[in-house]
Amino acid sequence: MPYTDPEDPGDIASFNVHNGFPEALVRGFKSGFLTEADYNNLCQCENLDDVRLNLQESDYDQFMSAQTKVTPALVQEKAILKMVKEFNFIKAQAQEPLVTFLEYIQYEYMIENVMLLLKGTLSGRNVEELIDQCHPLGLFAPATMKLIPLFEASPKGYADLYQTVLIDTPIGDYFSRFLEEHKPTGQDAAGAENAGMVRHVLEEVEIEIIKNSLMKLYLEDFYRFCEKIGGDTAEVMCALLGARADRNAINITLNSFGGPLNEPHMRTTDRRRLYPAIGTLYPEATSDFTEVSDEAQLAAVLEPFPVFREIWAVHLNENFGHKSIDDAFYERDVEMLELAFEGQMHFGPFYAYVKLKEQEIRNLVWIGECIVQRQRDEIHKFVPLFSENAPWRVARRGGAR
Amino acid sequence: MVGTSPSEVLCSSDHCNQGWPDVLTHMSPFGWAYMGIAFALGFSIVGAAWGIFVTGSSIMGAAIKAPRIRSKNLVSVIFCEATAIYGVIMAIILLNKISDPPAPADTASYEWTTAFFAGYALFSAGLGVGLTNLASGVSVGIAGSSCALADAQDGSLFVKILIVEIFASALGIFGIIVGIIQSNSAAFPNP
Amino acid sequence: MSAQVAPTRMALTLYKGKLVGAKKGYELLKKKSDALKARFRAIAKQIYELKKQMREDASMAFFSLTQAQYAAGDFRSKVLDTPHPAAIRVRSRTDNVAGVKLPMFTPYGTGVEVHDNIGLSGGGQKVAQCREKYKQWVENLVKLASLQTSFITMDEALKVTNRRVNALENVTIPRMEGVISYINRELDELEREDFTRLKKVVEKKREAAAKEDKRAAAAKLAAAAAAAAVASLLDDFDPAEKSDVYF
């Protein structure tokens, strides 16, 4: 008998009926994260061949055995492929609503890929090359992948593209909502008009702005989906997504200083549109953000939030060779994502697994680059995963004593 | 009965249906006893199966990346299985309490009060054991599932979580002990 | 050598003139070469300094890119796909060192402000830092390119000048001196020949003269004899006697 409510993953007694196996799987994959000892060994490596040898001892095993020359980029590529393989394995075992949940995780990468394909095609790059560059976690059906970059720069081509992106891809909804927001007033949604609009948006609006607008819509949508699932999933995931939304809002504000988005008339329109309507900063702080035009004002808005106050303190100390605000956010993310594994029988671990794996790949690339560029002093500036010596754990132990 | 007057419903005969109390008092004590057996066995096995389901899916998944846990964690499945066995044992014990019903000629002289007492006792013993084992089975299953996941991450956790499982399993034993005591005082009179 | 040169005085004057010219040229070229060498060394030193500095700058720039990619993800394609007008352009002018034209490149900002919001949702600061570092690096790179081109041009010019100096010093001037000395020798030879010839002539003349003298003497003797005879005659002569005889 099919599920009466497809959004219900079940409670503590019934979750395992459909999701026990994938959850155990994802936890199994979690044990494949590099350990403290692995990181120590990696940091001692003299060259990338040593790195490869050390990785063979870990869960990565023979993932690079076919390569003759090791580069950080190659390590990244292969590590991503490994993650995607594991992700797809989990997805193959999943049932609703877990499948939808996993697809939501993929949407983020799909947005990146669509942006890459569209912009790449507009600047006349090779289709195959573009498809090779796409993140393998965000691939559509091969036919659609090929179709997107093949559009012509004619009204009909744009209309076709509108059709392809809006209807044939799962993230079309975000695109159509984004276009709706950018539609000049007094236009109806007829095909030709839409084609013109797509063209206008693609050619005029900056790629990062489109991406961040889509990400905002995506985060909100994912948030609502998790709320609908309810239970522990909602509790864990909403916190994680909220944290991400907060991070985005702060970063967008901070990084727009000195740019056109910081112009007074842009602050209340374009920049405001990028703030996700979720998270702890929404709505009071995000509406204050629209008034903010320099770092001191931003600091004042963040003052009432202890978490962000700490992160801001890191930012202020950045010039003294300490961590940057990005490192601080990464650390907070990892800390929260690790917590998702603490509870059982919810979907948090699936999301956390992908995100932590992403961080691990970032760490690997970082270590690899540091080795290649002989930056020994900087090599330890990555965020360790599930480590007893993680900065926040050390801080907490220090506080407890 | 709809549309009829109360006077038509009420009848003066001893065997007339007077409402729910009638159902309880007019059911055969043998019926009660067998229903108790059915509940004991059925609920226990539902609990066990549920527990194995919950544990099994986790063990399967966790054993993919950590195959060493596969035989150790069968203990969790066995704990679940135990609740089914409690149900079976209880069912057999209860079954042994039942003697043959009186021959039609002896019905008048049969000790119906004792028989009813035995019937109710066996029914409630069976239902109690069934429900406790259901709860015990599910909780052993959930603990077992966690046990498998924990063991896969860190082998030293196995014994610690196994203790939790033993406590969950003990819930079923409480039920069975009370059930046995309850059913001990009950005996169908020999015809 | 220079067998063709006619060892004439005119050729000698010509070659002497040439030699003076060559020596003058040699001195001038030597001066040019020294000037170039001094500049060349200065450039080499600058290149060394700059390269040493750039090695550090480069590693810092590349590392800041690593940092930016760590913070903002892989933004390569985003940069590639959003074409901007160049923010830095290179202006080329020529510098003249001792007649050698050196190309000089100077970078200048076009005033294009790049605001593509890369890393907007994270890592934007790092990207900005990275951009700064690379900008500085590119400026240094242009400087280095300018120096390096100068270096090569200079090297070429220096080589040519040195070759010329050496050619003048070791080939042309000795050759001219050779020619001059040859001409001198030939002229001397001629002179000596002339002298000998002259001597011979004189000798001959003297011989002839001697012969003449002898003959003259003989003639004189004869004349004397004749005179004696005459005297004797005269002795016999009596002017008064012979008043019709006139001398």
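Note that this is a predicted model, so its numbers are computed, not measured.

Draft legend 1. Geometry of the overall build of chain B. A tally of helices and strands in chain B yields seven helices and zero strands. Scanning chain B from its N terminus toward the C terminus, one meets helices and strands in the order α-α-α-α-α-α-α. Each principal axis of the C-alpha atoms in chain B carries an extent, and together these give about 70 × 45 × 20 Å. Per-residue burial for chain B yields a buried fraction of 43% across its 191 residues. The long-range fraction of contacts in chain B, counting pairs at least 24 apart against all pairs at least 6 apart in sequence, stands at 87%.

Draft legend 2. Highlighting the side chain of S58 of chain B. Along the chain, S58 of chain B falls in helix α3 (residues 29-65). Looking at S58 of chain B, the relative accessible area reads 1%, which means it is buried. Not counting the four nearest positions on each side in its chain, S58 of chain B is found in contact with N16, G20, A24 and Q344 of chain A together with S145, A148 and L149 of chain B.

Draft legend 3. Fine view of the UniProt feature "transmembrane region" (unreviewed entry) in chain B. Residues and elements named next belong to chain B. In the numbering used here, UniProt assigns the "transmembrane region" (unreviewed entry) feature to residues 32-53, 74-95, 115-136 and 157-181. As annotated, residues 74-95 comprises 100% helix and 0% strand, and the C-alpha atoms at either end are separated by 31 Å. End C-alpha to end C-alpha, residues 115-136 measures 31 Å, and it is 100% helix and 0% strand.

Draft legend 4. The UniProt feature "domain: V-ATPase proteolipid subunit C-like" (unreviewed entry) in chain B, seen in detail. Residue and element names in this part refer to chain B. Residues annotated in UniProt with the feature "domain: V-ATPase proteolipid subunit C-like" (unreviewed entry) correspond here to residues 35-94 and 123-181. Span residues 35-94 is 93% helix and 0% strand, its end C-alpha atoms 11 Å apart. End C-alpha to end C-alpha, residues 123-181 measures 13 Å, and it is 95% helix and 0% strand.

Draft legend 5. Structural view of the pattern of salt bridges. Residue and element names in this part refer to chain A. Counting across every chain of the model gives 26 salt bridges over all chains. Across the salt bridge formed by E338 and R393, the nearest N and O atoms sit 2.5 Å from each other. Remark: R393 occurs in helix α19 (residues 391-400) and E338 occurs in helix α17 (residues 325-340); sequence separation between them is 55 residues. With a relative accessible area of 3%, E338 lands in the buried category.

Draft legend 6. Quick look at the side chain of T55 of chain B. Residue and element names in this part refer to chain B. Relative to the elements of secondary structure, T55 occurs in helix α3. At 3.0 Å, the side chain of T55 and the backbone oxygen of G141 are in polar contact. Apart from the residues lying within four places of it in its own chain, the contact partners of T55 are S76, V77, C80, V140, G141, G144 and S145.

Draft legend 7. A look at the packing of α17 of chain A against helix α18 (residues 348-372) of chain A. All names here are of chain A. Two elements in contact, α17 and α18, have axes whose closest approach is 9 Å; the angle formed by their N-to-C orientations is 140 degrees. In this structure, the crossing between α17 and α18 has a hand that is left-handed. For the pair formed by α17 and α18, the contact residues are Y330, V334, L337, E338 and A340 on the first element and G348, P349, Y351, A352, K355, L356, Q359 and R362 on the second.

Draft legend 8. The arrangement of the interface of chain A and chain C in detail. With 44 residues of chain A in contact, the opposing surface of chain C contributes 26 residues. Carbon and sulfur atoms make up 52% of the area that chain A and chain C hide from each other, which totals about 2,800 Å². Sorting the residues of chain A by area buried against chain C places E208, N255 and W366 of chain A first, and these three jointly supply 21% of that buried surface. Joining chain A to chain C, the criterion identifies zero salt bridges. Our enumeration of links across chain A and chain C arrives at six residue pairs in polar contact (both at pLDDT 80 or more). Residue assignment for the side of chain A that touches chain C shows that the elements contributing at least two residues are α5 (98-122), α11 (207-229), α12 (231-256), α17 and α18 of chain A.

Draft legend 9. Structural view of the packing of α3 of chain B against helix α6 (residues 112-153) of chain B. All names here are of chain B. Orientation of α3 relative to α6, taken along the N-to-C sense of each, is 0 degrees, at an axis distance of 7 Å. Here α3 is positioned roughly parallel relative to α6, judged by the angle of their axes. Class assignment of the residues belonging to the contact of α3 with α6 gives a composition of 29 nonpolar, 14 polar and no charged.

Draft legend 10. Molecular detail of the interface of chain B and chain A. The interface is formed by 16 residues belonging to chain B together with 18 residues belonging to chain A. Overall, the association of chain B and chain A removes approximately 1,500 Å² of surface from exposure, summing both partners, and the carbon and sulfur fraction of that is 65%. When residues of chain B are sorted by the area they lose upon contact with chain A, K65, L149 and Q153 of chain B head the list and together hold 38% of the total. Counting across the chain B and chain A interface gives one salt bridge. The shortest N-O distance in the salt bridge between K65 of chain B and D59 of chain A comes to 2.9 Å. For the pair chain B and chain A, the interface holds nine residue pairs in polar contact (both at pLDDT 80 or more). Of all the secondary-structure elements, those providing two or more residues to the side of chain B that touches chain A are α3 and α6 of chain B. Among the elements that line the side of chain B that touches chain A, the one with the most residues is α3 of chain B, at 10 residues. When the residues that make up the side of chain B that touches chain A are grouped by side-chain class, the tally is nine nonpolar, six polar and one charged.

Draft legend 11. Structural view of unusual backbone geometry. Residue and element names in this part refer to chain A. The omega angle of the peptide bond from Y282 to P283 is 0 degrees, so this bond is cis rather than trans. Among the structural elements, P283 can be located in the loop between α13 (264-274) and α14 (284-289). One non-glycine residue, R374, adopts positive backbone phi at about 55 degrees. Examined against the element boundaries, R374 turns out to sit in the loop between α18 and α19. With relative accessibility at 64%, the residue R374 sits in the exposed group. We note that F386 has phi near 50 degrees; this positive angle belongs to a residue other than glycine.

Draft legend 12. Quick look at the arrangement of the chains. Across the two pairs of chains that are in contact, the largest number of contacts falls between chains A and C. Over all C-alpha pairs, chain B and chain C never come within contact, reaching a minimum spacing of 29 Å.

Draft legend 13. Representation of helix α7 (residues 157-184) of chain B within the structure. Residue and element names in this part refer to chain B. Spanning 28 residues, α7 covers 41 Å between terminal C-alpha atoms, matching the ideal 40 Å at 1.5 Å per step. Inspection of α7 places F158, I161, L162, E165, A168, S169, A170, G172, G175, I176, G179 and S183 among the buried residues, and these make up the whole buried set. Those residues of α7 hidden inside the fold are in contact with α4 (69-72), α5 (74-97) and α6.

Draft legend 14. Region of interest: a positive patch on the surface. All names here are of chain C. Taken together, the side chains of K200, K204, K211 and K214 present a region of like positive charge at the surface. Looking at where K200 falls in the secondary structure, it is placed in helix α3 (residues 124-235). On the basis of relative accessibility, which here comes to 48%, the residue K200 falls in the partly exposed class.

Draft legend 15. Geometry of the pairing of strand β2 (residues 100-109) of chain C. Residue and element names in this part refer to chain C. Note: strand β1 (residues 88-97) against β2, 10 bridges, orientation antiparallel. Across the sheet, residue S92 finds its bridge partner in β2, namely F105. In this antiparallel pair of consecutive strands, β1 and β2, the connection spans two residues, and A98 shows a positive phi of 50 degrees.

Draft legend 16. Highlighting the nonpolar core. In terms of nonpolar packing, the biggest core is built from 142 residues, with F101, F222 and F289 of chain A touching the most fellow members. By residue number, the principal contributor to this core is α5 of chain A, which donates 15 residues. If you look at the next biggest cluster of nonpolar residues, it comprises 24 residues, including I47, A72, V100 and L102 of chain C.

Draft legend 17. Summary view of the environment of V79 of chain C. Along the chain, the position of V79 of chain C falls in helix α2 (residues 76-81). For the pair formed by V79 of chain C and I118 of chain C, sequence separation is 39 residues and the distance between their alpha carbons is 8.1 Å.

Draft legend 18. Expanded view of the packing of aromatic side chains. Residues and elements named next belong to chain B. As enumerated under the stated definition, the model contains 34 aromatic pairs over all chains in all. Measuring from centroid to centroid gives 5.9 Å for F116 and Y120, while their planes differ by 40 degrees, and the two rings are tilted. Placement of both F116 and Y120 in helix α6 is noted, with a separation of four residues, approximately one turn of the helix. Overall, the relative accessible area of 32% leaves Y120 in the partly exposed class.

Calculation criteria
- Residues numbered from 1 in each chain as written.
- Chains lettered and ligands numbered in written order.
- Predicted model: local features only at pLDDT ≥ 70, side-chain atom pairs only at ≥ 80, totals over all residues.
- Heavy atoms only, no water.
- Helix = DSSP H or I, 4+ residues; strand = E, 2+ residues; numbered from the N terminus.
- Buried < 20%, exposed > 50% of the residue type's maximum accessible area, 1.4 Å probe, protein only.
- Contact = heavy atoms within 4.5 Å.
- UniProt positions renumbered as here; feature names shortened; annotations may be inferred.
- Salt bridge = Lys/Arg side-chain N within 4 Å of Asp/Glu carboxyl O.
- Polar contact = N/O pair within 3.5 Å; in protein donor to acceptor, adjacent residues only side chain to side chain.
- Axes fitted to C-alpha atoms, helices over the stretch in contact; angles between N-to-C directions.
- Left-handed = near helix turned anticlockwise from the far one by under 90°.
- Buried area = accessible area lost by both parts, 1.4 Å probe.
- Parallel < 35°, antiparallel > 145°, perpendicular 65-115°, else oblique.
- Nonpolar A, V, L, I, M, F, W, Y, C, P; charged D, E, K, R; others polar.
- Expected span 1.5 Å × (residues − 1).
- Patch = residues over 30% accessible without salt bridge, like charges linked within 9 Å, V, L, I, M, F, W, Y side chains within 5 Å.
- Areas by Shrake-Rupley, 256 points an atom, 1.4 Å probe, with all protein chains shown as cover.
- Lys, Arg positive; Asp, Glu negative; His and termini not counted.
- Charge placed at Lys NZ, Arg CZ, Asp CG, Glu CD.
- Pairing = 2+ DSSP bridges.
- Core = buried A, V, L, I, M, F, W, Y, C linked by side-chain atoms within 4.5 Å.
- Phe/Tyr/Trp six-rings, centres within 6.5 Å; stacked < 30°, edge-to-face > 60°.

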